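The primary structure of each chain is shown beneath.
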Amino acid sequence: MCGIAGIVGQQAIAPETLAAMMASLRRRGPDAEHVVGWNAQGQRLDANPEVALIHTRLAIMDPRPEADQPFSNDDGSVWLCYNGEVYDWQQHADELRVQGVQFKTHADTEFILRGYEAWGLEALLPKLRGMFAFAILDWNKREVFVVRDRMGLKPLIYTTANGGLAFGSLVRSVLPAVPKDKRDFAAESIDAYLAHRYIPAPRTIFQHINRLENAHYLHYRLDTQQLTKHCYWHAEPKTADWKQELDTAIRIRTVADRPLGVFLSGGIDSSTIACRLKDQGFDQIQTFSASFPGSSLDESSVAKQIAETLGLPNQEIPVPLTIAKDFEQIIADLDEPFADPSSFPTWYLSQATTQHVKVVLGGDGGDELLAGYKRIGKHLRTTWRRLLRLPLPRLNDMVGKGWRKLVEELRLNWLEAYSLRFSGMTPGQRAFLQPGLKNPAVTYWRYPSIDRLNQLSPIKQLLAVDADNYLPEYILRKADLCTMAHGLELRAPLLDHRWAECVMALPDGVRFTNPAKKLFAQVTERLAPLKLFEIKKRGFNPPLQPWLSVDLKSRFAGLGERLETVSNGQLNSKRIELLVAEYHQRPALAEQILQLLILDCALSQLNKLRHAA
């Protein structure tokens, strides 16, 4: 796990540009950092290169310097810059050894490079099982490939604004490579953030910086500066023994040269992983649980019961009641405007966990594969209106509740209205705060093709939308950013692509149950006495009201004026202040207010960076 960045251009790269890109990645890779540069012809240069690869390393497999990156082949003609972990690759490495390939390390990094040399990218990708974002610079073919994993566990940002190609793990790692006159915030991205609490791919907050979608790669030709984007994988149902695939997905993610633990909540997904680890002989694996002292949202007592039942050590990590001192750093670590409230406890949980282990297994993915979210059932109850969309007027509404939300819903088609089941702002609230914004999109999601949608049942349509948007750009973005900010690697067995395809092949009556995820009862018999399937799902949300009323209270002063200024007038100062006043009368607006406070802080930080070198 690491931070990666690179620039492929036609002119010398300023030293301060490389330094700024490296600095932005340092928290992701605390163990080693290197930059390698060349001129446009491929000759190595130590100063003022035209092409450069940057790497900051969190050393998990083969921590020796021999496995540091950027990593090259024997003659230095092919280079790899890689973030992630590929599992169960040794069988494919043995194929290469039979062909005479000699490995100098036992890192998956070298396997990816050697595999590319032997098979080419298209044949290599199906052999990669895991999470990854990497770039391959091939001087022989004068090509660059930039790749993001199937599920979107690892981020990949890029731009062509420099006249070539620049990429990185973070928006903040790419920004220094963008010319100063092309560092504008994107109006539609601000609106997308208000709509979704995050900015869905392929957008970022900047007009000239993009996010590569999951299961895609970029192909860049050095000689012609031609860039093309390709989708290399679509999930397809594949029949297999789901219990065996689940155990394999978990087992292969335990391989590490650094200490390993488990994030354990009171939920079904993480407890299933802990239970299967116990059954596979991991008797002393450490578990870590966040607690919210004095809050009804606290699941730490249930997590403790699960760990005790399994005989696993458990460490309870209290989430601080005050966050003011860390707020700026957390927003910086979230890279661009991102308003999932659970980011805060995840950040604190990661900060404490990394003092004990450097790798953790987590339960992300179960809800998306097995329809575990309450919002899915709620939206399915409206399938009667799938073909109904009323030509109602667009609202300009501060409240966003009651009959107004019903009007909002009936204005949208059924699939678009799914966006209203989340806690972002309604189209009416967005119009209220941005009165001058013309023709905003209803949503900024990517949707499956009409042909594919027509082949899917309503519940699978919703899961397909989540798989392209909510999962990679919200759940997994939070997981990556909050853990890597502390040099902690998070692995997600339930997002193993072979296990996911196996689940997709299950009969609907097995996959979709009430209560949800009853499938896991068959592999968690040890936990049956705890009756976990009868416990109401609580999520992982902190107590926002105390934070807003006390800890973040000072940030309300001047909020509207600051947001109007930094958004170049897109956000209306007076209307923001009216919304804040409404919140003080109606605390149900807490998440929308938190969105604005985070947007204020994030845009302020990014505004300083876009005017820097």
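Scope of this entry: the structure provided in the associated data block. Keep in mind that what you see is a predicted model, and the values were worked out from it rather than measured.

Rules of the game
- Along each chain, residue indices are assigned from 1 in the same order as the chain's sequence is written.
- At least 70 in pLDDT is required for a residue's local features to be given in this predicted model, at least 80 for side-chain atom pairs to be given and counted, and no such filter applies to totals for whole chains, interfaces and linings, which use all residues.
- Hydrogens and water are ignored here; the side-chain numbers use all heavy atoms of the structure.
- Pairing of aromatic rings covers Phe, Tyr and Trp, the last counted by its six-membered ring, and requires centre-to-centre distances within 6.5 Å; plane angles under 30 degrees mean stacked, over 60 mean edge-to-face, and any other angle means tilted.
- A helix here means a DSSP run of H or I that spans at least four residues, while a strand means a run of E at least two residues long, and both kinds are numbered starting from the N terminus.
- Relative accessibility under 20% of the residue-type maximum defines a buried residue, over 50% an exposed one, and the middle range a partly exposed one, all with a 1.4 Å probe and only protein chains included.
- By definition here, charges over rings are those cases where NZ of Lys or CZ of Arg is within 6 Å of the ring centre and within 35 degrees of the ring normal.
- We treat two strands as partners when DSSP finds at least two bridges between them.
- Lines are fitted to the C-alpha atoms to define the axes, a helix being fitted only along its stretch in contact, and any angle between axes, read from their N-to-C directions, falls within 0 to 180 degrees.

### Points about the packing of aromatic side chains
Right, on to step 1. Scanning all chains against the criterion turns up 25 aromatic pairs.
Right, on to step 2. When the ring of W38 is compared with that of W79, the centres are 5.3 Å apart and the planes differ by 75°; the resulting orientation is edge-to-face. Highlighted residues: W38 in strand β2 (residues 32-38) and W79 in strand β5 (residues 78-87), separated in sequence by 41 residues.
Right, on to step 3. Taking relative accessible area as the criterion, W79 reaches 7% and is therefore assigned buried.
Right, on to step 4. With a centroid separation of 5.5 Å and an interplanar angle of 40°, the aromatic rings of F338 and Y474 are classed as tilted. Of this pair, F338 sits in the loop between α10 (324-333) and α11 (343-353) while Y474 is found in helix α19 (residues 470-484), placing the two residues 136 residues apart along the sequence.
Right, on to step 5. On the accessibility criterion, F338 (1% relative accessible area) is buried.
Right, on to step 6. On the basis of relative accessible area, Y474 is assigned to the buried category, the value being 2%.
Right, on to step 7. Through successive ring pairs, a cluster of aromatic residues spans Y198, F338, Y373, Y418, F422, W445, Y447, Y470 and Y474.
Right, on to step 8. For the cation-ring pair, R97 lies above F103, with the distance from its terminal atom to the ring centre recorded as 4.6 Å.

### Describing the sheet that holds strand β17 (residues 489-491)
Right, on to step 1. Spatially, 5 strands are ordered β15-β14-β13-β16-β17 in an open sheet, and the strand pairing comes out parallel. Each having just a single partner strand, β15 (314-318) and β17 make up the two edges of the open sheet. On average, each strand axis in the sheet is tilted by 30° relative to the strand beside it, whichever way the strands run.
Right, on to step 2. In the sheet, strand β14 (residues 286-291) pairs with β15 via 5 bridges, with the strands oriented parallel. Bridge assignment links T287 to a residue of β15, and that residue is N314.

### Considerations on the sheet that holds strand β4 (residues 71-72)
Right, on to step 1. Sheet architecture is open: 6 strands sit in the order β4-β5-β6-β7-β11-β12, paired in antiparallel fashion. One side of each edge strand has no neighbouring strand; the edge strands of this open sheet are β4 and β12 (227-231).

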